[in-house]
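Survey of secondary and tertiary structure
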Amino acid sequence: MNHILIPGSLLFALSVSADHVAAQDELVERGREVYDNWCAICHAPGEGATRILEERYLGSLPAVVDERTNLTAELITARVRTWVAPQMPPFRQSEVSDADLEAVIAYLKRNDE
């Protein structure tokens, strides 16, 4: 039987990395829940905002927002917190908290890279 010795500092780094991945996975899952509750009503396939984006993008970008890979955290924040005339209302912090917004950003950016 072969044994591999792992230095303590590397073992610690692997543990921290695994903890970070688990925390990120939890954040993304929370973001999916918030997105499903607040955003999907307009941004799911076949819904109003998606149909508008389909007409606007003509296939050059995905119309379903959670399929996009080009959204920045700044753009997502601006769209959620600022009225986008005439279609998208702003969401107050009492509706979508800053922590929930951070989770939505993590969810929407999960496929980047």
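Residues numbered from 1 in each chain as written. Predicted model: local features only at pLDDT ≥ 70, side-chain atom pairs only at ≥ 80, totals over all residues. Heavy atoms only, no water.

**Here's the deal with the packing of aromatic side chains**
Using the following cut-off: Note on aromatic contacts: the rings of Phe and Tyr and the six-membered ring of Trp form a pair at centre separations within 6.5 Å, being stacked when their planes are under 30 degrees apart, edge-to-face when over 60 apart, and tilted otherwise. To qualify as a helix, a DSSP run of H or I must reach at least 4 residues; to qualify as a strand, a run of E must reach at least 2; elements of each kind are numbered from the N terminus. Think of it in three bands: with a 1.4 Å probe and only protein chains considered, a residue is buried below 20% of the maximum accessible area for its type, exposed above 50%, and partly exposed in between. For a Lys NZ or an Arg CZ to count as sitting over a ring, it must be within 6 Å of the ring centre and within 35 degrees of the ring normal.
Following the criterion strictly, the structure yields two aromatic pairs and no others. Considering the side-chain rings of Y35 and Y107, the 5.4 Å spacing of their centres and the 50° angle between planes classify their relative orientation as tilted. Taken as a pair, Y35 in helix α1 (residues 8–43) and Y107 in helix α4 (residues 98–108) lie far apart in primary sequence, 72 residues in all. The interplanar angle of 75° and the centroid separation of 5.5 Å between the aromatic rings of W38 and F91 together place this pair among those described as edge-to-face. In this pair, W38 sits in helix α1 while F91 sits in the loop between α3 (73–81) and α4, placing the two residues 53 residues apart along the sequence. Taking relative accessible area as the criterion, W38 reaches 30% and is therefore assigned partly exposed. Residue class for F91 comes out buried when judged on its relative accessible area of 15%. Here the guanidinium or amino end of R110 rests over the ring plane of Y107, the centre of that ring lying 4.0 Å away.

**What to know about the pattern of salt bridges**
This is how the line gets drawn: We count a salt bridge whenever a side-chain nitrogen from Lys or Arg sits within 4 Å of a carboxyl oxygen from Asp or Glu.
All told, the structure shown has seven salt bridges when counted by the stated rule. A salt bridge links D98 to R81, with the shortest nitrogen-to-oxygen separation between them at 2.9 Å. On the criterion of sequence distance, the pair formed by D98 in helix α4 and R81 in helix α3 is long-range, its members being 17 residues apart. In this structure, R92 engages E95 in a salt bridge whose closest nitrogen and oxygen atoms are separated by 3.3 Å. A relative accessible area of 54% means that R92 is categorised as exposed. Taking the relative accessible area as the measure of exposure, E95 reaches 23% and is therefore partly exposed.

**Topic: the packing of α3 against α4**
Heads up, the condition is: Orientation is described by lines fitted to C-alpha atoms, with helices fitted over the stretch in contact, and by angles between N-to-C directions that extend from 0 to 180 degrees. To sort the angles, those under 35 degrees are grouped as roughly parallel, those over 145 as roughly antiparallel, those from 65 to 115 as roughly perpendicular, and the leftovers as oblique. Put simply, a crossing is left-handed when the front helix is turned counterclockwise from the back one by less than a right angle, and right-handed when it is turned clockwise. Here, residues are in contact when the closest pair of their heavy atoms is within 4.5 Å. Charged means Asp, Glu, Lys or Arg here, nonpolar means Ala, Val, Leu, Ile, Met, Phe, Trp, Tyr, Cys or Pro, and polar covers whatever is left, Gly included.
Orientation of α3 relative to α4, taken along the N-to-C sense of each, is 130°, at an axis distance of 10 Å. In terms of axis orientation, α3 runs oblique to α4. Handedness of the crossing formed by α3 with α4: right-handed. Only D98, L101, I105 and L108 of α4 make contact with α3, whose side of the interface consists of A73, I76, T77, V80 and R81. Looking at the contact of α3 with α4 residue by residue, the class counts come to six nonpolar, one polar and two charged.

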